[in-house]
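Analysis of the macromolecular model
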2 protein chains.
Amino acid sequence: MPPARKSALSSGSSSVQDYVKVIYAFTEWQDKPITSSQLAVRLGVANSSVSEMVRKLVDLQLVDHRPYSAIELTSAGRRLALTMVRRHRVLETFLVQELGYAWDEVHDEAELLEHTVSDTFINRMAAKLGDPQRDPHGDPIPSADGTVHVPHAVQLEELDGGHTGRITRISDADADLLRFFSSEQIRLDDRVEVVGRRPFGGALVVRFGPSGSARELDLGDQAAAALWVHSDPHPGCLLAS
Amino acid sequence: MPPARKSALSSGSSSVQDYVKVIYAFTEWQDKPITSSQLAVRLGVANSSVSEMVRKLVDLQLVDHRPYSAIELTSAGRRLALTMVRRHRVLETFLVQELGYAWDEVHDEAELLEHTVSDTFINRMAAKLGDPQRDPHGDPIPSADGTVHVPHAVQLEELDGGHTGRITRISDADADLLRFFSSEQIRLDDRVEVVGRRPFGGALVVRFGPSGSARELDLGDQAAAALWVHSDPHPGCLLAS
DNA sequence: GGCAAAATTTAGGCATGCCGAAATATTGGG
DNA sequence: CCCAATATTTCGGCATGCCTAAATTTTGCC
């Protein structure tokens, strides 16, 4: 008889969880599926390790993959990924709201804990926090049944001069950047207006804060890409409506 | 040059932590150091696995061991063990007090989490809980600097008829037993009086609860060994004082 | 004191995940 | 359209921690 295929229902090893989570994260904001080497870079492992593990993920029916082509999650894989994302974001919210962690301190701790906590633990923790819809960086928290509502948002970078909006998400990929935002008092839900760009590919000039006491600031590309805003309808568009 | 000995300052792998914790736990209530095979039983691994790992622990300077003799913690080993015990008991307290876990549900979850949390996490969690002195089963929680105060207590089993006392500790080794105690409304700090023993090695008869509305109960050996009491001064002893 | 039983250690293997190097497949520029 | 650069997979190895089976040492009983 054929070797029994292991159940994809269990949450898999810590490594399996990491792979699936990174595959998911890649497609959360782009529509192209991730390639083997991109996955290797993001996980900090060798390409050969990815090839091996992807074979295992296929066997677990968590991803679809033909040799030499990109890697895509199956529905079971997506389910597992969403479980991990929920765990991560609930934990981050808890660390900030209940244990007084700073913004930039929570990622690594959550990264470790997410592999260890039970679903019961996360669900009770979420309930205690009032079932938050987003984490301290504005990332949406999937519900226990695996549904997410990703709010409409664009990177500040992509907005033209004159546009205004509200910050709905601040990427936690770079802890230094988070500390910079803290020091500049840039927070979730702050209003923001794009003033313009310095000439010759220079910094983005933006105005932050409540319309009364706004501060003008130059942002580099990295910073401007890390801030996601819900854009207000543009004056020009209003004419069309 | 000789192979560099790995630093014993880091907390070691999850397995190392488990070994050290079990070695410590064995001597917490007995003074004989643990043997290789006892360690194997408590960890649920083969004797050969213990031999191997003990060699590693010696190399990490966490235990002292000569072949074929018992295993004892070094001061670094004891320090690590107390760290793990603190983590475990703070986590258990949190699960019960903040997440509404029942008594008998916390052990396994804490067992997993204790290997993953940071010291910062535990210390902030302990602070939030008001730096509790003991966990939900009455076990003392070591302080962050590695000191423990183990309260005086004897197993209920060992008390003679007529003695009274207060329950200060309920072993969490057996979840079924914890559920039994719950169902019988036996709780930490309850007063208890040993009435006597059923004849021919029978059950221990005890009276529980506030002196007004006490319930009498037969306890088997397992149950009587799991309950630790702070014994009141015995009437006979009072004469001597 | 010696010998069998019990405890312990050593030897050889397995699974997981990682690596670097070598082989193979795909791709794009000329 | 072909060949070199790039991407991907295969191969042999390493480390950790576990196993069973086979030595080896200790212990206790006669």
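Placed above this text is the structure.
Residues numbered from 1 in each chain as written. Chains lettered and ligands numbered in written order. Predicted model: local features only at pLDDT ≥ 70, side-chain atom pairs only at ≥ 80, totals over all residues. Heavy atoms only, no water.

1. A short note on helix α6 (residues 119-128) of chain A
Heads up, the condition is: The classification of residues rests on relative accessible area computed with a 1.4 Å probe and restricted to protein chains. Under 20% of the type maximum is buried, over 50% is exposed, and intermediate values are partly exposed. Where helices and strands are cited, they refer to DSSP runs of H or I of at least four residues and of E of at least two residues respectively, numbered from the N terminus. Within this analysis, the arc is defined by the directions that extend from the helix axis to the C-beta atoms. Only heavy atoms matter for contacts: two residues are in contact if any of them lie within 4.5 Å across the pair.
Every buried residue of α6 of chain A is accounted for by Phe121, Ile122, Met125 and Ala126 of chain A. The buried residues of α6 of chain A occupy an angular sector of 125° when projected down its axis, which confines them to one face. At its buried positions, α6 of chain A is contacted by α4 (75-97) of chain A together with α4 (75-97) and α5 (106-113) of chain B. Positive phi shows up at glycine 130 of chain A, right after α6 of chain A, with a value of about 80°.

2. A few points about helix α7 (residues 175-183) of chain A
Residues and elements named next belong to chain A. To keep it simple, the criterion reads: Definition of a polar contact: a pair of N or O atoms within 3.5 Å, with one able to donate and the other able to accept a hydrogen when the atoms are protein atoms, and with sequence-neighbouring residues admitted only if both atoms are side-chain atoms.
All of the buried residues in α7 are Leu177, Leu178 and Phe181. The buried residues of α7 occupy one face: seen down the axis, they fall within an arc of 100°. Residues Asp176 and Ser183 are exposed on α7 and point more than 90 degrees away from its buried face. Its buried side turned inward, α7 meets β4 (164-170), α8 (221-226) and β8 (227-231). The residue sitting at the N-terminus of α7 and contributing the capping side-chain oxygen is aspartate 174; that oxygen lies 2.8 Å from the backbone nitrogen of aspartate 176.

3. As for the packing of aromatic side chains
All names here are of chain A. To be explicit about the condition: Classification of ring pairs uses Phe, Tyr and Trp, with its six-membered ring standing for Trp, and accepts pairs whose centres are within 6.5 Å; under 30 degrees between planes counts as stacked, over 60 as edge-to-face, and the remaining range as tilted. Here, a charge over a ring means that NZ of Lys or CZ of Arg falls within 6 Å of the ring centre while also lying within 35 degrees of the ring normal.
This model, assessed by the stated rule, comprises three aromatic pairs over all chains. The interplanar angle of 50° and the centroid separation of 5.6 Å between the aromatic rings of phenylalanine 180 and phenylalanine 181 together place this pair among those described as tilted. In this structure phenylalanine 180 comes out as partly exposed when scored by relative accessible area, which is 29%. By relative accessible area, phenylalanine 181 is classed as buried at 0%. Looking at arginine 169, its charged tip hangs above the ring of tryptophan 228, at a distance of 5.2 Å from the centre.

4. Side note on the protein's contact with DNA strand D
Put simply, the rule reads: Throughout, the term near means that a residue has one or more heavy atoms lying within 4 Å of the molecule or strand in question.
Near DNA strand D there are 23 residues, and of these Ser37 of chain A together with Ser13, Ala46, Ser49 and Lys56 of chain B occur at the shortest range. One of the side-chain nitrogen or oxygen atoms of serine 15 of chain B is found 3.4 Å away from a phosphate oxygen of DNA strand D. Here lysine 56 of chain B contributes a side-chain N or O atom positioned 2.3 Å from a phosphate oxygen of DNA strand D. Secondary-structure elements contributing two or more residues to the surface near DNA strand D are α2 (36-43) and α3 (47-59) of chain A together with α1 (14-28) and α3 (47-59) of chain B.

5. What about the protein's contact with DNA strand C?
Applied cut-off: For this classification, the nonpolar set comprises Ala, Val, Leu, Ile, Met, Phe, Trp, Tyr, Cys and Pro, the charged set comprises Asp, Glu, Lys and Arg, and every other residue, Gly included, is treated as polar.
Of all residues adjacent to DNA strand C, which total 22 residues, the nearest are Ser13, Ala46, Ser49 and Lys56 of chain A together with Ser37 of chain B. Counting only atoms of DNA strand C within 4 Å of the protein, the fraction found in sugar and phosphate groups is 62%. Between DNA strand C and serine 48 of chain A there is a distance of 2.9 Å, counted from a base oxygen to a side-chain nitrogen or oxygen. Side-chain polar atom of arginine 55 of chain B to a phosphate oxygen of DNA strand C: 3.0 Å apart, as the coordinates give it. Put simply, the parts of the chain that give the surface near DNA strand C at least two residues each are α1 (14-28) and α3 of chain A together with α2 (36-43) and α3 of chain B. Here the residues of the surface near DNA strand C sort into six nonpolar, 12 polar and four charged.

6. Examining the pairing of strand β6 (residues 204-208) of chain B
Residue and element names in this part refer to chain B. The condition that has to hold: Two strands pair under a simple rule: DSSP has to find at least two bridges between them.
Of all five residues in β6, four are buried; the element is thus mostly enclosed. Bridge analysis of strand β5 (residues 191-197) against β6 gives five bridges, and the strand direction is antiparallel. When the bridges of β6 are listed, glutamate 193 appears paired with arginine 207. Following β5, the chain reverses through six residues before pairing antiparallel with β6; phenylalanine 200 in that reversal takes a positive phi of roughly 55°. Here β6 pairs with strand β7 (residues 215-219) via five bridges, running antiparallel. Residue pairing in the sheet places valine 205 in a bridge with aspartate 218 of β7.

7. Points about the relation of the copies chain A and chain B
The following threshold applies: Here the copies are matched by least squares. The fit uses the C-alpha atoms of residues with pLDDT of at least 70 in both.
Of the two same-sequence chains, chain A is brought onto chain B (RMSD 0.1 Å, axial shift 0.0 Å) by a rotation of 180°. Here the two chains are linked by the operation of a two-fold rotation axis.

8. Notes on the interface of chain A and chain B
We apply this condition: Summed over both partners, the accessible surface that disappears when two parts come together, traced with a 1.4 Å probe, is what is meant by buried area. Take a side-chain nitrogen of Lys or Arg and a carboxyl oxygen of Asp or Glu: if they are within 4 Å of each other, that pair is a salt bridge.
Taken residue by residue, the interface counts 18 residues in chain A and 18 residues in chain B. In total, about 1600 Å² of surface goes out of reach between chain A and chain B, with carbon and sulfur atoms giving 62% of it. Our count for the chain A to chain B interface comes out at four salt bridges. Secondary-structure elements contributing two or more residues to the side of chain A that touches chain B are α4, α5 (106-113) and α6 of chain A. Considering every element that reaches the side of chain A that touches chain B, the biggest residue donor is α6 of chain A, with five residues.

9. Digging into the nonpolar core
Nonpolar side chains tend to gather and get buried jointly when the protein is soluble and globular. Quick note on the threshold: We define the nonpolar core as a collection of buried residues of types Ala, Val, Leu, Ile, Met, Phe, Trp, Tyr and Cys that are connected through side-chain atoms lying within 4.5 Å of one another.
Residues Phe94, Phe121 and Met125 of chain A together with Phe94, Phe121 and Met125 of chain B are the most contacted members of the largest nonpolar core, which totals 32 residues. Of all the secondary-structure elements, those providing two or more residues to this core are α4, α5 and α6 of chain A together with α4, α5 and α6 (119-128) of chain B. Setting aside chain neighbours within four positions, we find phenylalanine 121 of chain A in contact with Leu91 of chain A together with Phe94, Leu95, Leu99, Tyr101, Glu109 and Leu113 of chain B.

10. Digging into the packing of α1 of chain B against α2 of chain B
Residues and elements named next belong to chain B. Let me state the cut-off plainly: Lines fitted to C-alpha atoms define the axes, with helix axes restricted to the stretch in contact, and inter-axis angles between N-to-C directions lie between 0 and 180 degrees. When an angle is under 35 degrees it counts as roughly parallel; over 145 it counts as roughly antiparallel; between 65 and 115 it counts as roughly perpendicular; any other value is oblique. Whether a crossing is left-handed or right-handed is set by the direction in which the near helix is turned from the far one by less than a right angle, anticlockwise for left-handed and clockwise for right-handed.
The interhelical angle for the contact between α1 and α2, taken along N-to-C directions, is 115°, at an axis separation of 10 Å. In terms of axis orientation, α1 runs roughly perpendicular to α2. Seen along the crossing, α1 lies across α2 with a hand that is right-handed. On α2, the residues touching Asp18, Tyr19, Val22, Ile23 and Phe26 of α1 are Gln38, Leu39, Arg42 and Leu43. Looking at the contact of α1 with α2 residue by residue, the classes come out as six nonpolar, one polar and two charged.

11. Notes on the sheet that holds β4 of chain A
Read from one edge of the open sheet, six strands run β3-β8-β4-β5-β6-β7 (chain A), paired in antiparallel fashion. The sheet terminates laterally at β3 (154-155) and β7 (215-219) of chain A, the two strands that pair on one side only.

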